[in-house]
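Below, each chain spelled out in residue letters.
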Amino acid sequence: MTITHPAHPSGKQARVLLTSVFGPYAQDDEFGSRSINPMELYHNQVTRAQGPYSLRIFHRSWGLMFIQSNIGNPSTLLDFPTRERFIEELKAHQYDVVGISSIIVNIGKAREMCRLVRQHSPKSTIVVGGHVAAIPGLQRMIDADFVVRGEGVGWMRRFLDQDPDAHIKHPPIASGFGHRVMGLKLPGDLGSTAATVIPSVGCPLGCNFCTTSAFFGGKGKFINFLETGREMYEVMEETESRTGMQSFFVMDENFLLHRPRAIELLDCMKQANKSWELYVFSSANAIRKYTMEELIELGVSWVWMGLESPKSGYDKLSGHDTLSLVQELRSNGIRVLGSSIVGMEHHTPESIGEEIDYACSHGTDFHQFMLYTPLPGTPLHARMETEGRLIPEAELADAHGQFKFNWKHPFISGDESKKFLDFAFVRDFELNGPSLYRICQTTLEGLKKYRLHPELRVRERFEREARALRTQYSALLWAMERHMRFSNDPVAAKIAELRHEIRSECGSLRSASFASIFGPVMLWLTRREERRLAKGVTYEPETFVERRNWTPG
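Cut-offs applied
Residues numbered from 1 in each chain as written. Predicted model: local features only at pLDDT ≥ 70, side-chain atom pairs only at ≥ 80, totals over all residues. Heavy atoms only, no water. Helix = DSSP H or I, 4+ residues; strand = E, 2+ residues; numbered from the N terminus. Rg over C-alpha atoms; globule rule 2.2 N^0.38 Å. Buried < 20%, exposed > 50% of the residue type's maximum accessible area, 1.4 Å probe, protein only. Contact = heavy atoms within 4.5 Å. Areas by Shrake-Rupley, 256 points an atom, 1.4 Å probe, with all protein chains shown as cover. Salt bridge = Lys/Arg side-chain N within 4 Å of Asp/Glu carboxyl O. Pairing = 2+ DSSP bridges. Axes fitted to C-alpha atoms, helices over the stretch in contact; angles between N-to-C directions. Parallel < 35°, antiparallel > 145°, perpendicular 65-115°, else oblique. Left-handed = near helix turned anticlockwise from the far one by under 90°. Nonpolar A, V, L, I, M, F, W, Y, C, P; charged D, E, K, R; others polar. Phe/Tyr/Trp six-rings, centres within 6.5 Å; stacked < 30°, edge-to-face > 60°. Patch = residues over 30% accessible without salt bridge, like charges linked within 9 Å, V, L, I, M, F, W, Y side chains within 5 Å. Lys, Arg positive; Asp, Glu negative; His and termini not counted. Charge placed at Lys NZ, Arg CZ, Asp CG, Glu CD. Arc of directions from axis to C-beta. Core = buried A, V, L, I, M, F, W, Y, C linked by side-chain atoms within 4.5 Å.

Caption draft 1: Layout of the overall build of the chain. Helix and strand counts for the chain come out as 19 helices and 17 strands. In terms of overall dimensions, the chain is globule-like: its C-alpha atoms have a radius of gyration of 24 Å, near the 24 Å expected for 553 residues. Within the span of the chain, comprising 553 residues, buried residues form 58% of the whole. Put simply, 75% of the contacts in the chain that link residues at least 6 apart link residues at least 24 apart. Accessible area for the chain stands at about 22,400 Å²; split by element, carbon and sulfur atoms hold 52% of it.

Caption draft 2: Quick look at the pattern of salt bridges. One pass over the full model with this rule turns up 42 salt bridges. Close ionic contact of Arg118 with Asp145 constitutes a salt bridge, the shortest N to O distance being 3.3 Å. Taken together, the positions of Arg118 in helix H4 (residues 107–120) and Asp145 in the loop between strand S5 (125–129) and strand S6 (146–147) put the pair 27 residues apart, joining distant regions of the chain. According to the relative accessible area criterion, Asp145 is partly exposed, its value standing at 32%.

Caption draft 3: Molecular detail of the environment of Leu476. Its location among the elements puts Leu476 in helix H17 (residues 472–484). Judged by its relative accessible area of 10%, Leu476 is buried. The spacing of Leu476 and Met522 is 46 residues in sequence and 6.4 Å in space, taken between C-alpha atoms. Filtering out sequence-adjacent residues up to four positions away, Leu476 remains in contact with Val181, Met182 and Met522.

Caption draft 4: Representation of the pairing of strand S3 (residues 75–79) in the model. Most of S3 is tucked away: five of the five residues are buried. Residue alternation in S3 divides its side chains into two sets, Ser75, Leu77 and Asp79 and Thr76 and Leu78, and both sets are buried. Where strand S1 (residues 16–20) lies against S3, four bridges are found, and the strand directions are parallel. Within the sheet, the bridge partner assigned to Val16 lies in S3 and is Ser75. Pairing analysis gives five bridges linking S3 to strand S17 (residues 544–548), with the strands arranged antiparallel. Within the sheet, the bridge partner assigned to Asp79 lies in S17 and is Phe544.

Caption draft 5: Inspection of the sheet that holds strand S8 (residues 184–185) at higher detail. With respect to topology, three strands assemble into an open sheet ordered S2-S7-S8, the strand pairing being antiparallel. Because the sheet does not close on itself, it has two edges, and the strands there are strand S2 (56–58) and S8.

Caption draft 6: Just the packing of H17 against helix H19 (residues 508–534), in detail. Viewed as axis vectors pointing N to C, H17 and H19 meet at an angle of 55 degrees, and their least axial separation amounts to 6 Å. Between H17 and H19, the angle falls in the class oblique. The hand of the H17/H19 crossing is right-handed. Every residue of H19 that contacts H17 at Gln472, Ser474, Ala475, Leu476, Trp478, Ala479, Arg482 and His483 is listed here: Ser511, Phe514, Ala515, Phe518, Gly519, Pro520, Met522, Leu523, Thr526, Arg527 and Glu530. Class assignment for the residues of the contact of H17 with H19 results in ten nonpolar, six polar and three charged.

Caption draft 7: Quick peek at the packing of aromatic side chains. With the rule as written, the count across this model stands at 27 aromatic pairs. On the basis of an interplanar angle of 75 degrees and a centroid distance of 5.8 Å, the ring pair of Tyr372 and Trp407 is categorised as edge-to-face. You can see Tyr372 sitting in the loop between strand S16 (366–371) and helix H13 (379–386) and its partner Trp407 sitting in the loop between H13 and helix H14 (414–432), a full 35 residues away along the chain. Just as Tyr372 is buried, Trp407 falls in that class too. Between Phe405 and Trp407, the aromatic rings sit 5.0 Å apart at their centres with planes inclined by 55 degrees, giving tilted as the arrangement. The two residues Phe405 and Trp407 agree in class, both being buried.

Caption draft 8: Quick peek at the sheet that holds strand S14 (residues 300–308). Taken together, the six strands give an open sheet; going across it, the order is S9-S12-S13-S14-S15-S16, and neighbouring strands pair in parallel fashion. Edge positions in the sheet fall to strand S9 (194–197) and S16, since each has one partner strand and no second. For this sheet, the mean angle separating the axes of adjacent strands, direction not counted, is 20 degrees. Both strand S12 (residues 247–250) and strand S13 (residues 277–281) contribute to a ladder of four bridges, which runs parallel. The residue of S13 that forms the bridge with Ser247 is Glu277. Those strands touched by H14 are strand S15 (335–342) and S16, and its axis lies near 175 degrees from that of S16.

Caption draft 9: Highlighting helix H2 (residues 62–69). H2 sits mainly inside the fold: seven of its eight residues count as buried. Here H2 has its buried residues at Trp62, Leu64, Met65, Phe66, Ile67, Gln68 and Ser69.

Caption draft 10: Up close: unusual backbone geometry. Between Gly23 and Pro24 the backbone carries a cis peptide bond, its omega angle lying at 5 degrees. Among the secondary structure elements, Pro24 is positioned in the loop between S1 and helix H1 (41–45). For Phe80, which is not glycine, the phi torsion reads 60 degrees and is therefore positive. Of note, Phe80 is situated in the loop between S3 and helix H3 (83–92). Phi is positive for Asn549, close to 50 degrees, though the residue is something other than glycine. Among the structural elements, Asn549 can be located in the segment after S17.

Caption draft 11: Here's a closer look at a positive patch on the surface. A cluster of like positive charges, contributed by Arg527, Arg528, Arg531 and Lys535, occupies part of the molecular surface. Mapping Arg531 onto the fold places it in helix H19. Since its relative accessible area comes to 47%, Arg531 is described here as partly exposed.

Caption draft 12: Structural detail: helix H12 (residues 352–360). Where H12 is concerned, the buried positions are Ile352, Glu355, Ile356, Ala359 and Cys360. Buried residues of H12, viewed axially, fall in a sector of 140 degrees; they line one side. On its buried face, H12 is in contact with S15, S16 and H14.

Caption draft 13: Spotlight on the nonpolar core. Phe255 and Leu298 are the most contacted members of the largest nonpolar core, which has 141 residues in total. Setting aside residues up to four positions removed in sequence, Phe255 forms contacts with Met232, Val250, Arg261, Ala262, Leu265, Leu278, Val280, Phe281 and Leu298. Counting residues in each nonpolar core, the second largest holds 23 residues, with Cys207, Ala359, Tyr372 and Ile412 among its members.

Right under this line is the structure:
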């Protein structure tokens, strides 16, 4: 977005506070937080019906981390503060600029934070960005000086009298924190086994419901931070040297679509003998641009892929058999997170069950279900508004795709949409079992197929996964098998079968030892977690305070 106003008077010397919206998040409150919409991506949208097996992870505010790393100003990054901690920061230091990042559903919190800045730091310039900026007329709803839509690093550099086109510095980012598995909270950074790499923002495909695509300019528009495979390699190599991580979550809406960059990265990895793992987003049509051998050599071990609906008509699915594609990926050790939309316009109460069963039949390692939701700024929202189909009384705080429709569906009511969405999560868990079990299945398939791969760096990657199967996963599966006997015996039997196969393939002695020693502990923790969740226990992220170029004052 081009700035049409002067830079801040203090320029490079301006003291900057960058902050996410305040918590707590997993509760219903006056500012728009919702217990049904916690600050946990996987538990919220992917594994939330899996009880104690649900994957519990928090993710940092990566956009704020990028901005802080790419300005020379004295700055503070306040991530996941409480309201009280935010006020304390405003009182403790005089800030020239306060930048607030928010998503659409948290508009109430963004509004309150603007009010608090005016009250406690009246000389500060308030800048609001993030997906909340997509709301038409936002500046009439909140007391901010500037609303920034789109990529924020260049905007903030211009505003602070710095070169907007300077080289982008990629900060070292752990993909997640606060990991909890079957009631076991992993200490410190133990669960953060992957780093995040962000090559670009935006998406070339631009599905009509996609807020990310719309936010960065719409279909076909994207901004590359890392143009080449060599640039990606250099960021990943530096991250590995600083963190020791060999796994990378590639936060790019369709990484594999840009084949020249991916192949150049592969060439760099081969030359340096890097045994890395990549977790990527990709469409079906982009995956088919590669041979399976190329994907394996590139280190692709996890793919987030849109399945949407077989009758959705999206180009990225056109002509592709997603059932066979998922099966092929998993049989080669590549875990798949499938994403399906519930409540598209062609769905009826009679047909939607069949489509949910079709989605579940993919047998993906994880499955995200989201309601078809028109969000401000998207082409879908614009069309629904033109057609008069938006529900006027629907609150933005509830427009997150996990509650009920904010628009008038031709065949399904709002209350029905919630029931169908809940059914989709339960059905997937019922048929396919815990995602933790499924990823063990896929991991074992890859190990059997590639443990004797001619390239040493590929063998090393699969050997790392074999060690995990022999140790911690053996204990998890032991506990899982016994716990599920009372709720889903057919799945429990499959888990038992997988455990025995792992012992056969990965070494029976060590696998059996870990299962017998740590399995009972995990079973006890799982049962305790089940009781805690039944009582309504929720989890919140810790607060992060990070200062750069800082001098007290």
